[in-house]
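# What the coordinates show
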Amino acid sequence: MEAPAPPSELVSEEGRNRKAVLCRRCGSRVLQPGTALFSRRQLFLPSMRKKPALAGGGGPEGDLLQEHWLVEDMFTFENVGFTKDVGNVKFLVCADCEVGPIGWHCLDDKDSFYVALDRVSHE
């Protein structure tokens, strides 16, 4: 079975984000248009909450998400924060309101930062 096409209102012909990526809660800009690639990868993200609660690891409550923006350089982000290490993963949060996770970064792969489309808004 073939994967569904990426949402064309968000993804350009080159596979990049057409619109700016924003925090759903406070509207802070996370990524500028054209700075991330659309990627399908199944990743588990804990339920959205404040940064201190995320760093504790917590329970297995969360979502298995498949559609992400892939960023290859952490300095591409306009505004993002990282949790303390949870195993070999750091979760991405909004740097302004500290709600997340909006994304995921494995410490084994220095060049891959994933931002879940379902955890952000677009403008």
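Residues numbered from 1 in each chain as written. Predicted model: local features only at pLDDT ≥ 70, side-chain atom pairs only at ≥ 80, totals over all residues. Heavy atoms only, no water.

### Some words on the packing of aromatic side chains
Counted only if it meets this: In this analysis, rings of Phe, Tyr and Trp, with Trp reduced to its six-membered ring, are considered paired at centre separations within 6.5 Å, and the interplanar angle assigns stacked below 30 degrees, edge-to-face beyond 60, and tilted for intermediate values. Strands here are runs of E lasting at least two residues and helices are runs of H or I lasting at least four, both read from the DSSP assignment and numbered beginning at the N terminus. Under the scheme applied here, a residue whose accessible area is under 20% of the maximum for its type counts as buried, over 50% as exposed, and between as partly exposed, the area being computed with a 1.4 Å probe on protein chains only.
Here the structure, examined in full by the defined rule, presents 4 aromatic pairs. Between Trp104 and Tyr114 the ring centres are 6.0 Å apart and the planes differ by 55°, which places this aromatic pair in the tilted class. Note that Trp104 is positioned in strand 9 (residues 103-106) and Tyr114 in strand 10 (residues 113-116), a separation of 10 residues in sequence. Side by side, Trp104 and Tyr114 carry an identical accessibility label, which is buried. Joined through ring pairs, the aromatic side chains of Phe77, Phe82 and Phe113 make up one cluster.

### A look at the nonpolar core
Note the cut-off: We define a nonpolar core as any set of buried Ala, Val, Leu, Ile, Met, Phe, Trp, Tyr and Cys residues linked to one another through side-chain atoms lying within 4.5 Å. We call two residues contacting when some pair of their heavy atoms lies within 4.5 Å.
Grouped together as the largest cluster of nonpolar side chains are 17 residues, with contacts concentrated most on Val21, Leu31, Trp69, Phe77, Leu92 and Val115. Those elements giving two or more residues to this core turn out to be strand 2 (29-31), strand 5 (62-71) and strand 10. Setting aside chain neighbours within four positions, we find Phe77 in contact with Val30, Leu31, Val71, Leu92, Phe113 and Val115. Counting 10 residues, the second largest nonpolar core, distinct from the first, contains Val89, Phe91, Trp104 and Ala116.

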